[in-house]
Amino acid sequence: MKNTQKLAIACSSGSFKGAFTHGVLSALESAGIRADAYAAASSSVIPTAWATIGKATDLGVDYWLAGLKVIKQPDVGMSQLALGGIAHFSPLKELLFAAQTPEYFVATSAVITPEATNETQTEKARRLGRRLLVSASKGDRSWVNEHLQAVLFSTNNLKDELRLDTSNFEEVAYASSRMLHAWDVPAWIGGKPYVDASYTCLCPAIEMVELGYTEAIAIANEPGTLYRDMFQLQPIPENYKGVDIHIIKPDVDPQEFGVSFTDATVEGFCAVYQHGKDKGQEFIARWTATN
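Everything numeric here is computed off the predicted structure, so don't read it as measured data.

### Some details on a positive patch on the surface
Side chains of Lys-124, Arg-126, Arg-127 and Arg-130 sit close together on the surface and give a patch of like positive charge. The topology assignment puts Lys-124 in the loop between helix 7 (114–120) and helix 8 (125–137). On the basis of relative accessible area, Lys-124 is assigned to the partly exposed category, the value being 38%.

This is the structure we're talking about:
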């Protein structure tokens, strides 16, 4: 199987719908496709970390089924689910951070103003989160433009403050997934405030091209246009600055299988994960035929 030089695989946010991305990663892995870099946002952080060490299939759909059991328990919210998933399902750090392992990126949204820190890291966060959902439906990105900045942490970053390592992995993984309207535990990385990647970066495919990768695979969790962030103002194109971005997406919204952003059934998770594997295999057949 072809192993393209400077290939990056970028994975989207999507909460429970991320089971689709995980299925695609498993299909690519089973076909022997290894990227030079893996990049994740929000719910794709843990599955992508496993893909980075070549073991996405080992994690498998059981990861999502375990989360479903946890979220059904009393007094467990999305923050507790995310923190528990990070604590119990993160890959071995000696593998993820090994010198021979492909570079691993995690997208986040840094909070860059005192006013936004006061809103995002206090009891005001839920109200702000709901307001931003309404703004997103209207394509109004004005609050984000003023108060947030997209940030990529990575395992080989030369800047200490942006290097992903054993000391900050849990903080970065949680920050990347913290949506304000439903996650009640604030997110901090090195004492600085952060929120979910989705506000500034749904899928870090363009970011990978800008970093010099010469081919990218972007995995979406919903059909239709894949946008750069949740405000849906900038589509991720199939070619950016002369670099091909191959977008893999489901045929239907995972909700039709019984998987929404924050609710799912066992059967739904299994179906969405398998659909991801199927779409991954379809992509592999096309990709190998043209290379």
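### A word on the packing of aromatic side chains
According to the stated counting rule, one finds eight aromatic pairs in the structure shown. Judged by centre distance (5.3 Å) and plane angle (75°), the ring pair of Tyr-63 and Phe-89 falls under edge-to-face. A residue pair is termed long-range when its members are at least 10 positions apart, and Tyr-63 in helix 4 (residues 62–71) and Phe-89 in helix 5 (residues 78–89) qualify at 26 residues. You can call Phe-89 partly exposed: its relative accessible area is 26%. Grouping aromatic residues by their ring pairs yields a cluster made of Phe-16, Tyr-63, Trp-64, Phe-89 and Phe-269. Across the ring face of Phe-261, the terminal group of Lys-17 is positioned such that the distance to the ring centre comes to 4.1 Å.

### Quick look at the pattern of salt bridges
According to the stated counting rule, one finds twelve salt bridges in the structure shown. One salt bridge connects Glu-222 with Lys-17, and the closest N-O pair in it is separated by 2.7 Å. With Glu-222 in the loop between strand 7 (215–219) and strand 8 (239–240) and Lys-17 in the loop between strand 1 (7–11) and helix 1 (19–30), this pair connects stretches of sequence that are 205 residues apart. Notably, a salt bridge pairs Lys-279 with Asp-251, separated by 2.8 Å at the nearest N-O pair. Taken together, the residues span a long stretch of sequence, with Lys-279 in helix 12 (residues 266–289) and Asp-251 in the loop between strand 9 (243–248) and helix 12 at a distance of 28 residues. A residue is classified by how much of its surface remains accessible, and Lys-279, at 13% relative accessible area, is buried. It is possible to trace a salt-bridge network through shared partners that takes in Lys-17, Glu-222 and Asp-253.

### Some remarks on the nonpolar core
If you look at soluble globular proteins, the nonpolar side chains tend to sit buried side by side. If you look at the biggest cluster of nonpolar residues, it comprises 76 residues, and the most contacted ones within it are Ile-9, Tyr-199 and Phe-269. Residues within four places of Tyr-199 in sequence aside, it is in contact with Ser-109, Leu-132, Arg-141, Val-144, Leu-148, Arg-178, Met-179, Leu-180, His-181, Asp-229, Met-230 and Phe-231. Listed in part, the 24 residues of the second largest apolar core include Ala-8, Ala-10, Cys-201 and Tyr-213.

What counts and what doesn't
Residues numbered from 1 in each chain as written. Predicted model: local features only at pLDDT ≥ 70, side-chain atom pairs only at ≥ 80, totals over all residues. Heavy atoms only, no water. Patch = residues over 30% accessible without salt bridge, like charges linked within 9 Å, V, L, I, M, F, W, Y side chains within 5 Å. Areas by Shrake-Rupley, 256 points an atom, 1.4 Å probe, with all protein chains shown as cover. Salt bridge = Lys/Arg side-chain N within 4 Å of Asp/Glu carboxyl O. Lys, Arg positive; Asp, Glu negative; His and termini not counted. Charge placed at Lys NZ, Arg CZ, Asp CG, Glu CD. Helix = DSSP H or I, 4+ residues; strand = E, 2+ residues; numbered from the N terminus. Buried < 20%, exposed > 50% of the residue type's maximum accessible area, 1.4 Å probe, protein only. Phe/Tyr/Trp six-rings, centres within 6.5 Å; stacked < 30°, edge-to-face > 60°. Lys NZ or Arg CZ within 6 Å of the ring centre and 35° of its normal. Core = buried A, V, L, I, M, F, W, Y, C linked by side-chain atoms within 4.5 Å. Contact = heavy atoms within 4.5 Å.

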